[in-house]
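Geometric and topological summary
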Amino acid sequence: MEITQNQNTVRERGVIDRVQHLASEANPAFATGSIIVPLTVLAISVVLQSPQLLFYTHVAAGAVWFGFALIFPAVIGPALGGLDDENTIAVTTQLTPKLVFFILGFSFTTVLSGTVLLTTEWGLGYGFSGLWSSASLGLGWGLFFFGLVVPNRIHLQAYYESRSEKPDFDRLAAIEKRNALIGIVEAIAMLGIIFLMTGLRLG
Ligand code: HEM
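Computed from a prediction, not measured in an experiment: that's the story for all the values here.

In this numbering, the UniProt entry assigns the feature "transmembrane region" (unreviewed entry) to residues 29-48, 55-79, 99-118, 130-150 and 180-200. Helix makes up 100% of residues 99-118 and strand 0%. Its end C-alpha atoms lie 28 Å apart. Counting secondary structure, residues 180-200 comes out at 100% helix and 0% strand; the distance between its end C-alpha atoms is 30 Å.

And the structure:
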């Protein structure tokens, strides 16, 4: 029992330490702002019960998330592939901590605002039922958690490998390939979401 507790404490401390490390590398103000600013705008729209501000927040946050999901595999990944090892490491270590917080803030705001938009009377009030609504909720939240568990973890693997004393460049190249593949899958799912979004009204 004691051993399990100790193990849990260590694991929990591990996660907190890692988040603190990433936040300090990203710049704590940037890390906090990336999450707090979009969520505050969402909170204001809820307090004011303003469907306009809520819808605006949803589309704006979704556009940022969608943009990253496309630009990464299509532009930044291949550009990194064209750099030499030293520069790849410099870019990866600078970019990853900021990216983790930025994408977390905007993706969470997108799915949360979409859910409020869909389900509240003062929002658009489509409710939970109906094929388009359930599909949007399922794919939207599915993509959010997938993002946390898969691409996020791959980015962090590349980051920690880059920061290790002797980075293994073969491993980094393998991670980069996996990243590109996942990026393509994610981009296709994003295009599917946009199909669902337009179908909510027209479908
Ligand atoms: C939990 C997930 C989501 C839910 C419940 C949701 C819900 C909604 C709702 C109710 C609308 C209004 C539709 C209408 O005009 O009648 C909407 C519009 C929109 N959503 Fe989402 N959404 C989700 C995720 C996303 C994601 C991940 C993106 C982009 C990456 C996105 C982008 C958009 C866009 C661009 C519109 C405007 C389209 C239009 O007005 O027809 N949404 N969403």
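Checked against the element boundaries, Tyr 56 lands in helix 3 (residues 51-81). Overall, the relative accessible area of 61% leaves Tyr 56 in the exposed class. Along the primary structure Tyr 56 and Leu 42 are separated by 14 residues, whereas in three dimensions their C-alpha atoms are 9.4 Å apart.

Another point: the coordination of the iron atom of the ligand. Six octahedral donors around a metal ideally subtend angles of 90 or 180 degrees, whereas four tetrahedral donors ideally subtend 109.5 degrees. His 58 (NE2) and Met 197 (SD) make up the full set of protein donors to the iron atom of the ligand, lying at 1.9 to 2.0 Å. Bound by six donor atoms, the iron atom of the ligand shows angles of 86 to 180° at the metal and therefore octahedral coordination geometry. Remark: Met 197 occurs in helix 7 (residues 169-202) and His 58 occurs in helix 3; sequence separation between them is 139 residues. Classification of His 58 as buried rests on a relative accessible area of 11%.

Analysis parameters
- Residues numbered from 1 in each chain as written.
- Predicted model: local features only at pLDDT ≥ 70, side-chain atom pairs only at ≥ 80, totals over all residues.
- Heavy atoms only, no water.
- UniProt positions renumbered as here; feature names shortened; annotations may be inferred.
- Helix = DSSP H or I, 4+ residues; strand = E, 2+ residues; numbered from the N terminus.
- Buried < 20%, exposed > 50% of the residue type's maximum accessible area, 1.4 Å probe, protein only.
- Donors = N, O, S within 2.8 Å, 3.2 Å for Na, K, Ca; no water.
- Tetrahedral: all angles 85-135°; square planar, octahedral: opposite > 155°, others 65-115°.

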